[in-house]
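Analysis of the macromolecular model
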Amino acid sequence: MDILVTGLLLGGTYALIAMGLNLQYGVARIMNLANGEMLVAGAFAAFWFFTAGQVSPLLSIFLVAPLTFALNWIIYRYLLLPLVKRAKNRGQLEVDSILATFGLSFVFVGIMMAVFGGDYFTYSYLAEPFVIMGDIYALNRIVAFIMAVTICGLLYLWLGKTRTGMAVRAVSVNPEAAGLVGIDVLKMSAFAFALGGAVTAVGGSLISTFLTMDASIGVIFTMKALIIVIMGGVGEVRGTIVAALILGLAETWVASVIDPGLTLAAAYLMFILVLLFRPQGLFGRQSS
Amino acid sequence: MRSDEIRNMLLAVAGLGLAALLPLTGNGYYLAIGVTIAMYAALATSWALFSGPTHYISLATGAFFGLGTYVVALGIDHIPYVVLLLIALVAGAVAAGLVGLATLRLSGVYFVIFTLGLAEMVRQVVTWIQNNWSGHRGLYVLTDITEEIIYWELLGVVALVYLVGWWIGRSRLGFALRIIGNDEVVAAHSGINTARSKVLLFMVSGMAASLTGAILAPRWTYIEPTMAFSPLLSFQIVIMALLGGTNRLWGPLVGVIPFTLLWEAISANFPNQTTLLLGVCFLLIVYAIPHGIVGRIEALARALKERGA
C-alpha cells in the first residue's frame, strides 16, 4: 500500500516530464537529449528562488515557465531549425538532432557546474507529514503530484478542445498533410518544442521539492522520460500518463524491496519488455 | 588485390611499424599518450565500422569496454591472461548480440536510447552485486604487464580492427550495410536480412571495445565500477570518430590524434570546464564539419580537380 501510493505520486511527476518530451519528439520531431538538463535548470531555479528569496516553488514556476519557454523557442529557432532545413529525410534529421541536442546537454551541464558547482543541492519545502489511510507521506510529494496532475489535465484539455491544440495534434500525426490544410507546420513545431521545454522545466521545479539533485543528473531523467514516451507510444497523451505511473510504481517497488541503487535497471527492464512485445507502445498506432 | 590496395596496405604496415617503435624513445610521457591514442584509435575505428555505414549512433562503447575490464579483473587470479582476453572477446560479442537483437530490429532511435543509459545501468547492477555478495567494491589487478606491452597489444588490436574493417568492406556483409545505410526499405526489399547484418556488425564493434577494455585493465591495478563503466568514454569515442569522418576506414584516426592532444591540454588547464568544452566540440562538429575532417579534405580535393579539368 505504501509502495502503491508513493509510486503513484512519483509517477504523476514523471508524467509531466515525459509529456514535455513527448511534445518535443511527437510534434516537433526532435529527439531532445538535452531534455533532462532543462529539468535540472527548472530545479535549480526553484532552489535558488527558495533559498535566496523564500519564494515558494509553487509561485516561482510562474516565472520558470515563460523563461524556459523563451529559451527553448530560441534553441529551436536558431539551433535546430537549420538542421530541419538541412536534412534530406527524417533519418538524417534524427541523427543530426540527436548529436546537436547531445552537445547542447553537455554545454548546459558545463554551465550549471560552473555557476552552481558540482554539489548536491536540496531544500526543505513542505517537509511535513501527511496521513493517507493510516500511512504517513511527505506533504511536498503530494503537493507536487497535485500540481503535476493539474498541469497534465490542462494540457490534455488544451490539446483536445482548442483550435491550436488540434493544429498541434495534426502536425504530430502527419506534418505534410497538416501543411496542406493551412497549418504553419514550422511555427507549430517551434511552439510545441518551446512548450515541451517549459513543461519539463516546471516538472523539474516540482520534483526538486522532494528529490536531491545535482548538475549532472539530467541524463538519468532524460533516459526515464524517453522510456516513458516509448512505452506509452510517441504522440500519445494517455499512453504517456499510464506509462509514467507504471514506471513510478516499478521504481518505487524495486527501490523499497530490492535496492534503491537499482532504479535505472528497473526502468531498463520495462524498456526491454516493451521493445520485445509492444514496440509501438501501449497505446501506439500500429504502423511505421 | 588491386594496385592501390597493395599501396594502402604497405602504407598501413609502415605506419604501424613506425608507431611500434615509440616505446624505444624511453620517454614515459610519450608512451602514456601513445597508449591513450592507441586505445581511442581501436575504439573509434571499431565504432565507425558499425555506425559509419548504418548511421546508428551507438553510445554503448563504455559498457562493452567496462565489461572487458571486469572480465580481466574478476579472473586474473584464477585464469591465464591470454585466456581472459579470449573470454572478453566472447563476452563482448554476446553482450552486443543481445543488445542488438533487442533493439536493432526496430528503428534507430530505440537503439540510441537503449545504448545511452546502458553503461550506467550495468554500473548500477555491478555495484549492487559487489555490495551484496562480494563485500568489497573494488578489485585489484596485479600483474607484471608493463605499459610497453599494453601499448603493443593495443597496436595489435588496431591492426586487427583495420584488417577486419577492410575485409568487411569487400564482403557481402559490407555491401549489404552500405545499402542499409542508404535506404533500409530498399535493402529489405532486395532480400537483405537487415536485422541480421546490423546485429553481426554491432557484435564486431562490441568485441573490439571489450578486448580493448580487457587489455587496459592491468594499467589501472585497482578497478571500480565508476571507473570501468565511465559514460564519458562513449561520448568521447563518438566525437572523435565523427571529427575524423566515418566514411573511410582511416577516418576516425584523423580525429583521434588531435582530439587526444586537445583533451590533454583541456583537462590540464581547465579541469572544471571539460564538460562544457566537450559540448562545444559536439556542436561544432554537427554544424561546421558534418562529414568530418576527411570529408572536408575530400570535398576540397574534388573541387581542386574540377577546377583543374
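All residue numbers refer to position in the chain's written sequence, counted from 1. Chain A is the first chain written and ligand 1 is the first ligand written, with later ones labelled in order. At least 70 in pLDDT is required for a residue's local features to be given in this predicted model, at least 80 for side-chain atom pairs to be given and counted, and no such filter applies to totals for whole chains, interfaces and linings, which use all residues.

1. Description of the overall build of chain B
Along its length, chain B carries 15 helices and 2 strands. With the radius of gyration taken over C-alpha atoms, the globule rule is written as 2.2 Å times the number of residues to the power 0.38. Expected size for 309 residues packed as a compact globule is a radius of gyration near 19 Å; at 20 Å, chain B falls within 12% of this value. Seen along its three principal axes, the alpha-carbon backbone of chain B occupies a region of about 70 × 50 × 40 Å. Here chain B holds 309 residues, and 45% of them are scored as buried. Residue pairs are scored as contacts if the distance between their C-beta atoms, which are placed from the backbone, is within 7 Å. Long-range contacts, defined here as pairs at least 24 residues apart, represent 80% of the contacts in chain B between residues at least 6 apart. Under the DSSP-based scheme used, a helix requires at least four consecutive residues in state H or I and a strand at least two consecutive residues in state E, with every element numbered from the N terminus. Exposure classes come from backbone-placed C-beta atoms, where a residue is buried if 20 or more other C-beta atoms lie within 10 Å of its own, exposed if 12 or fewer do, and partly exposed in between.

2. Let's talk about the packing of helix H1 (residues 2–27) of chain A against helix H9 (residues 218–232) of chain A
Residues and elements named next belong to chain A. Interhelical geometry of H1 versus H9 gives an angle of 75° and a closest axis separation of 9 Å. It follows from the interaxial angle that H1 and H9 lie roughly perpendicular. Facing H1, whose interface residues are Tyr 14, Ile 17, Ala 18, Leu 21, Asn 22 and Tyr 25, H9 presents Phe 221, Lys 224, Ala 225, Leu 226, Ile 228 and Val 229. In this classification, Asp, Glu, Lys and Arg are treated as charged, Ala, Val, Leu, Ile, Met, Phe, Trp, Tyr, Cys and Pro as nonpolar, and every other residue, Gly included, as polar. Looking at the contact of H1 with H9 residue by residue, the class counts come to 10 nonpolar, 1 polar and 1 charged. Every axis in this analysis is a line fitted to C-alpha atoms, fitted for helices over the stretch in contact. Angles between the N-to-C directions lie between 0 and 180 degrees. Throughout, the term roughly parallel applies to angles under 35 degrees, roughly antiparallel to angles over 145, roughly perpendicular to angles from 65 to 115, and oblique to all others.

3. What about the pairing of strand E1 (residues 129–132) of chain A?
All names here are of chain A. Where E1 lies against strand E2 (residues 135–138), 4 bridges are found, and the strand directions are antiparallel. Looking at the pairing, Ile 132 lines up with Asp 135 of E2. Counting the residues in the hairpin turn of E1 and E2 gives 2 residues, including Met 133, whose phi is positive at 50°. At least two DSSP bridges between two strands are required for those strands to pair.

4. Section: the environment of Gly292(B)
Residues and elements named next belong to chain B. Relative to the helices and strands, Gly 292 is located in helix H15 (residues 292–308). Sequence separation of Gly 292 and Gly 191 is 101 residues, and the distance between their C-alpha atoms is 32 Å. Residues in contact with Gly 292, not counting those within four places in the same chain, are Leu 242, Leu 243, Gly 244, Gly 245, Thr 246, Gly 251 and Gly 255.

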